[in-house]
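The chain contents come next:
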Amino acid sequence: MLTTRSTLIYVALMTLVVVASNFLVQFPLHAELAGINLADILTWGAFTYPVAFLITDLTNRQFGPRAARKVVFAGFVVGVTLSFYTSVPRIAIASGSAYLAGQLLDISVFNRLRRQAWWRAPLVGSLIGSMLDTVIFFSFAFAAFFVFLGPNDPFALESAPILGVFSAAAPRWISWAIGDFSVKMIVGLVMLLPYGALMNVLRPMQAARAN
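Rules used in this analysis
- Residues numbered from 1 in each chain as written.
- Predicted model: local features only at pLDDT ≥ 70, side-chain atom pairs only at ≥ 80, totals over all residues.
- Heavy atoms only, no water.
- UniProt positions renumbered as here; feature names shortened; annotations may be inferred.
- Helix = DSSP H or I, 4+ residues; strand = E, 2+ residues; numbered from the N terminus.
- Expected span 1.5 Å × (residues − 1).
- Buried < 20%, exposed > 50% of the residue type's maximum accessible area, 1.4 Å probe, protein only.
- Axes fitted to C-alpha atoms, helices over the stretch in contact; angles between N-to-C directions.
- Parallel < 35°, antiparallel > 145°, perpendicular 65-115°, else oblique.
- Left-handed = near helix turned anticlockwise from the far one by under 90°.
- Contact = heavy atoms within 4.5 Å.
- Nonpolar A, V, L, I, M, F, W, Y, C, P; charged D, E, K, R; others polar.
- Phe/Tyr/Trp six-rings, centres within 6.5 Å; stacked < 30°, edge-to-face > 60°.

**Q** Can you break down the UniProt feature "transmembrane region" (unreviewed entry) in the protein residue by residue, with the values?
**A** Within this structure's numbering, the places UniProt gives as "transmembrane region" (unreviewed entry) are residues 7–27, 33–55, 67–85, 123–149 and 181–202. The distance from the first to the last C-alpha atom of residues 33–55 is 30 Å, and the span holds 39% helix and 13% strand.

**Q** Just give me the short version of helix H3 (residues 51–63), but keep the residues and values in it.
**A** With 13 residues, H3 extends 18 Å from end C-alpha to end C-alpha; this agrees with the ideal 18 Å at 1.5 Å per step. Taken as a whole, H3 has its buried residues at Ala52, Phe53, Leu54, Ile55, Thr56, Asp57, Leu58, Thr59, Asn60, Arg61, Gln62 and Phe63. Phi turns positive one or two residues past the end of H3, at Gly64, with a value near 95°.

**Q** Let's hear about the packing of H3 against helix H5 (residues 89–113): which residues, and what values?
**A** For the pair H3 and H5, interaxial distance at closest approach is 10 Å and the crossing angle is 40°. Considering their axes alone, H3 and H5 lie oblique with respect to each other. The way H3 lies across H5 gives a crossing that is right-handed. Of the residues in H5, those touching H3 at Ala52, Phe53, Thr56, Asp57, Asn60 and Arg61 are Gly102, Gln103, Asp106, Ile107, Phe110 and Asn111. The residue makeup of the contact of H3 with H5, split by class, is four nonpolar, five polar and three charged.

**Q** Requested: an account of the packing of aromatic side chains, with residues and values cited.
**A** Taken as a whole and assessed by the stated rule, the structure comprises 16 aromatic pairs. Measuring from centroid to centroid gives 5.1 Å for Phe23 and Phe27, while their planes differ by 65°, and the two rings are edge-to-face. Residue class for Phe23 comes out partly exposed when judged on its relative accessible area of 49%. With a relative accessible area of 37%, Phe27 lands in the partly exposed category. The interplanar angle of 85° and the centroid separation of 6.4 Å between the aromatic rings of Phe145 and Phe148 together place this pair among those described as edge-to-face. Phe148 matches Phe145 in its accessibility class, with the two residues each being exposed. Here the aromatic cluster, defined as three or more aromatic residues joined through ring pairs, consists of Phe137, Phe138, Phe142, Phe155 and Trp176.

Printed below as a string of structure tokens:
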């Protein structure tokens, strides 16, 4: 009963993060950094979405990979449903595919490293998972090759200076991907603070140790 109740809490938290990220992705970050107009490459959703990796890692630590996958699949159902209601099908497919692949990879990496230094599993898992998430989402959503998923976005495919400041040019979605992953790396590092604070409270159960 306690395990079920705790797992449901993680499911609720994951659902909250997915809903918040789907809402905040509509709002660009109006700021400038080193000459880069952040509104061109970032939304506020980039700051909330990486919290999903913290939730997955805490679930994995306390209950093991099986429970973590249940939490991830619950978030997947919510995320895909919301995406189909709030965006075009291609974005929904890209979002759901990226979330599922990134989170499942994070679970696998975390489980392999869980007996090493306390920070290594959550940090490496979330960074590698975030990298895969970013590659899949922006490729599926905007790369011309994936036009079979839905119509291409001409603006995303326009050539522009990378991040708006470098001399080299690339399709705009490349800059969006770089900006998104940069934020995920920063937030991933910051998420070590709550993970470290909670790891002594949310001790692994016997089942988690056995996996």
